[in-house]
Amino acid sequence: MSDIKKLLIVEDDAGLQRQLRWAYEGYEIHCAANREEAIALIRAEEPQVVTLDLGLPPDPDGTTEGFATLETILSLRPDTKVIVASGHGARDSMLRAIEMGAWDFYQKPIDIDALGLIVARAFHVHALEAENRRLAERAEAGTVLGGMITGAPEMLKVTRTIERVAGADVSVMLLGASGTGKELLARGLHDASRRKGAFVAINCAAIPETLLESELFGHEKGAFTGAVKTTEGKIELAQGGTLFLDEIGDVPLPLQVKLLRFLQERVIERIGGRKAIPVDVRVVCATHQDVDAMVAEGRFREDLYYRLAEIVIRIPSLAERPGDAGLVARHFLHKYADAMKTGVRNFAPDALAAIDAWNWPGNVRELENRVKRAVIMADGKLVTAADLDLEAQGETGPVNLKAAREMADRKAIRHALARAEGNISGTARLLGISRPTLYDLMKAYDLQP
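**Student:** Describe the overall build of the protein, naming the residues involved and giving the relevant values.
**Tutor:** Each helix and strand in the protein was counted, giving 19 helices and 16 strands. For the protein, whose C-alpha radius of gyration is 29 Å, the value lies well above the compact-globule estimate of 22 Å for 449 residues. With the C-alpha coordinates of the protein rotated into their principal frame, the extents come out at 95 × 50 × 45 Å. Within the protein, contacts between residues at least 6 apart in sequence are counted, and of these 66% link residues at least 24 apart. Accessible surface, the protein as shown: approximately 22700 Å² in total, 51% of it carbon and sulfur. Positive and negative side-chain charges of the protein, numbering 56 and 65 respectively, have mean locations separated by a distance of 5 Å.

Next comes the structure, spelled out in structure tokens:
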């Protein structure tokens, strides 16, 4: 993005236009006298800030052309800060302009100094929002914990917890449903730690019981039929790094005993070997099962559980992270549209509504599969709800009226923020409220854009 500050003045009064043009220093000034000129300059110059007189020809005494210009500017460049001019007694027009997404307004006759402050503040806020978008893009590219894409406080709390424990040499257990990103978070924990060794992952449910011990501990040559050479196990391969044991609840009881000894003594023996091999490995494990219930039923050793679960972190499902489904879906859409060279560019409104309404029993894995299929099946540039094979789903009733109102407000604001990609004006438009009202609600509910 260019560092040049571009200001577009949309004003049909030539004298006032000249007065405004020479009132500012440090900006690249462009002027337009009507809607056509203004839109042409928006396309060509992409100004960050616009001052707009609502009374434009051919309706200089009304507001029709001014509102049409405002709507078109914000549809083309939603991040543009539009400052609208108002005459005395035009309060209704000002309120409507703010609801449509105008950033601020000024009163005629013009006070150049006051307008200068409004314009300067608009450039400052535009620059801050642009920097936030750049940071968000870098986060999506994988520079935050594990490359996790989220804007939900529930998941941000999880990532902050993982960042805090990453430097401590303790075992961590991640509990969450399938598809919530347990391996992604485990890899992020490893990356945030001081360990220089490899991140080694093994899915305990995907390997037959007879082979799992060999996969973990390795074997010596001749230890069993087919063991034609000495092979290091996953634990040894993770020396100096992190071992991620996914679906730890599927480890059979006899192997749990050997795992416990490894965790207590920090030594292993390969199958068929007699030599104790010291290892320095940090263990992170994960499961979608109720480990407490397994311990109570005797299907999981209690002493092993306490060795593995020095820190327990519960990962919320996608349905418990309002707004995240839209953010993650957009990421997958761009990813697969680029990879498959399709013409798909975005989601249709009915698709976004369906994504928000769906309960996502398969979490992010289900979302990725649906979006990938939709990118292939979509006929045009927009993915529809039909392409996603989704239909709205009912929700359970509220506990009480006050709680229901707050829950509905929080959910609606998060969804709107996600659909507007964090743009406050766009969010306010989606919600049908003014920017100040939105700011008050976000402050009351401690929500961040």
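**Student:** Which residues make up the side chain of Lys182, and what values do they have?
**Tutor:** You can see Lys182 is positioned in helix H7 (residues 182-192). Although Lys182 is buried, it makes no salt bridge; Glu247 carries the closest opposite charge, 4.7 Å away. Engagement of the side chain of Lys182 in a polar contact is seen with the backbone oxygen of Gly176, the distance being 3.1 Å. Ignoring any residue separated from it by four or fewer positions in sequence, one finds Lys182 in contact with Leu174, Gly176, Ala177, Phe244, Asp246, Ala286, Thr287 and Ile315.

**Student:** Describe the pairing of strand S4 (residues 81-86), naming the residues involved and giving the relevant values.
**Tutor:** Counting buried positions over the 6 residues of S4 gives 6, a clear majority of the element. Of the two faces of S4, the one lined by Lys81, Ile83 and Ala85 and the one lined by Val82, Val84 and Ser86 are each fully buried. Note that strand S3 (residues 49-53) and S4 share 5 bridges and pair parallel. When the bridges of S4 are listed, Asp53 appears paired with Ala85. What joins S3 to S4 is helix H3 (residues 64-76), and the crossover it makes is right-handed. In this sheet, strand S5 (residues 104-107) lies alongside S4 in parallel orientation, the contact comprising 4 bridges. Bridge assignment links Ser86 to a residue of S5, and that residue is Gln107.

**Student:** Break down the pattern of salt bridges for me, citing the residues and quoting the values.
**Tutor:** Overall, the coordinates contain 19 salt bridges when judged by the stated rule. Here Glu46 makes a salt bridge to Arg77, at a shortest N to O gap of 3.6 Å. Here the residue Glu46 occupies a position in the loop between helix H2 (35-45) and S3, and Arg77 occupies one in the loop between H3 and S4, the gap between them amounting to 31 residues. The exposure class assigned to Glu46 is partly exposed, which follows from its relative accessible area of 41%. Accessibility expressed as a relative area gives 23% for Arg77, which makes it partly exposed. The partner of Asp303 in a salt bridge is Arg301, with the nearest N and O atoms 2.7 Å apart.

**Student:** With reference to specific residues and values, describe helix H13 (residues 324-340).
**Tutor:** Over its 17 residues, H13 runs 24 Å from end to end, which matches the ideal 24 Å to within 8%, given 1.5 Å per residue. Of the residues making up H13, those classed as buried are Asp324, Ala325, Gly326, Val328, Ala329, Arg330, His331, Phe332, Leu333, Tyr336 and Ala337.

**Student:** Before we move on, can you summarise the sheet that holds strand S1 (residues 6-10) with the specific residues and values?
**Tutor:** Taken together, the 5 strands give an open sheet; going across it, the order is S2-S1-S3-S4-S5, and neighbouring strands pair in parallel fashion. The open sheet is flanked by strand S2 (28-32) and S5, the only strands paired with a single partner. Averaged over all pairs of adjacent strands, the angle between strand axes in this sheet comes to 20°, irrespective of strand direction. Pairing of S1 with S2, which is carried by 5 bridges, proceeds in the parallel orientation. Following the sheet pairing, Leu7 is matched in S2 by Ile29. Those strands touched by H2 are S1, S2 and S3, and its axis lies near 150° from that of S2. Here H3 sits on the sheet and contacts S3 and S4; the angle it forms with S3, its principal contact strand, is near 165°.

**Student:** Lay out the confidence of the model for the protein with the relevant residues and their values.
**Tutor:** Residues with a pLDDT of 70 or more make up 92% of the protein, whose mean pLDDT is 86. Below pLDDT 50 for its whole length, residues 139-144 participates in 6 contacts with residues either more than four positions away or in separate chains. Throughout residues 392-399 the model reports pLDDT below 50, and contacts reaching past four residues in sequence, or to other chains, amount to 6 contacts.

**Student:** Now, about the packing of H3 against helix H4 (residues 91-100): what can you tell me, with residues and values included?
**Tutor:** The geometry of H3 relative to H4 is characterised by a closest axis approach of 10 Å and an angle of 15° between their N-to-C directions. Looking at the two axes, H3 sits roughly parallel to H4. Crossing of H3 against H4: the hand is right-handed. Listed contacts from H4 to Phe67, Leu70, Glu71 and Leu74 of H3 are Ser93, Arg96, Ala97 and Met100. Taken together, the residues of the contact of H3 with H4 break down into 5 nonpolar, 1 polar and 2 charged.

**Student:** Explain the state of the cysteines to me, using residue names and the numbers behind them.
**Tutor:** The bond known as a disulfide is covalent and runs between the sulfur atoms of two cysteines. Tallied over the entire structure, the rule returns 0 disulfides. This cysteine, Cys285, is not joined by any disulfide, and Cys204 carries the nearest cysteine sulfur, 8.8 Å off.

**Student:** Tell me what's going on with the sheet that holds strand S14 (residues 311-314), and back it up with residues and numbers.
**Tutor:** Taking strand neighbours across the sheet as the criterion, the 5 strands line up as S7-S10-S13-S6-S14 in an open arrangement whose pairing is parallel. Strands with a single pairing partner mark the edges of an open sheet, and in this sheet they are strand S7 (199-203) and S14. In this sheet, neighbouring strand axes are inclined to one another by 20° on average, regardless of whether the strands run parallel or antiparallel. Pairing of S7 with strand S10 (residues 242-246), which is carried by 5 bridges, proceeds in the parallel orientation. Looking across to S10, one finds that Asn203 is bridged to Asp246. In the packing of helix H6 (residues 153-166) onto the sheet, the strands contacted are strand S6 (172-175), strand S13 (282-287) and S14, and the crossing angle to S14 comes to about 160°.

**Student:** Before we move on, can you summarise the packing of aromatic side chains with the specific residues and values?
**Tutor:** Counted by the stated rule, this structure contains 5 aromatic pairs. With centroids separated by 5.9 Å and ring planes inclined at 50°, the aromatic side chains of Tyr24 and Tyr27 adopt a geometry described as tilted. The exposure class assigned to Tyr24 is buried, which follows from its relative accessible area of 10%. A centroid spacing of 4.6 Å and a plane angle of 25° characterise the contact between Tyr27 and Phe123, whose relative ring orientation is stacked. Of this pair, Tyr27 sits in the loop between helix H1 (14-21) and S2 while Phe123 sits in helix H5 (residues 112-143); the two residues are 96 residues apart in sequence, bridging distant segments of the chain. Phe123 shares its class with Tyr27; the two are buried. The ring of Phe67 carries the charged tip of Arg96 above its face, separated from the ring centre by 3.9 Å.

Basis of the calculations
Residues numbered from 1 in each chain as written. Predicted model: local features only at pLDDT ≥ 70, side-chain atom pairs only at ≥ 80, totals over all residues. Heavy atoms only, no water. Helix = DSSP H or I, 4+ residues; strand = E, 2+ residues; numbered from the N terminus. Rg over C-alpha atoms; globule rule 2.2 N^0.38 Å. Contact = heavy atoms within 4.5 Å. Areas by Shrake-Rupley, 256 points an atom, 1.4 Å probe, with all protein chains shown as cover. Lys, Arg positive; Asp, Glu negative; His and termini not counted. Charge placed at Lys NZ, Arg CZ, Asp CG, Glu CD. Buried < 20%, exposed > 50% of the residue type's maximum accessible area, 1.4 Å probe, protein only. Salt bridge = Lys/Arg side-chain N within 4 Å of Asp/Glu carboxyl O. Polar contact = N/O pair within 3.5 Å; in protein donor to acceptor, adjacent residues only side chain to side chain. Pairing = 2+ DSSP bridges. Right-handed = clockwise from strand over helix to strand, strands pointing away. Expected span 1.5 Å × (residues − 1). Axes fitted to C-alpha atoms, helices over the stretch in contact; angles between N-to-C directions. pLDDT = per-residue confidence, 0-100. Parallel < 35°, antiparallel > 145°, perpendicular 65-115°, else oblique. Left-handed = near helix turned anticlockwise from the far one by under 90°. Nonpolar A, V, L, I, M, F, W, Y, C, P; charged D, E, K, R; others polar. Disulfide = S-S within 2.5 Å. Phe/Tyr/Trp six-rings, centres within 6.5 Å; stacked < 30°, edge-to-face > 60°. Lys NZ or Arg CZ within 6 Å of the ring centre and 35° of its normal.

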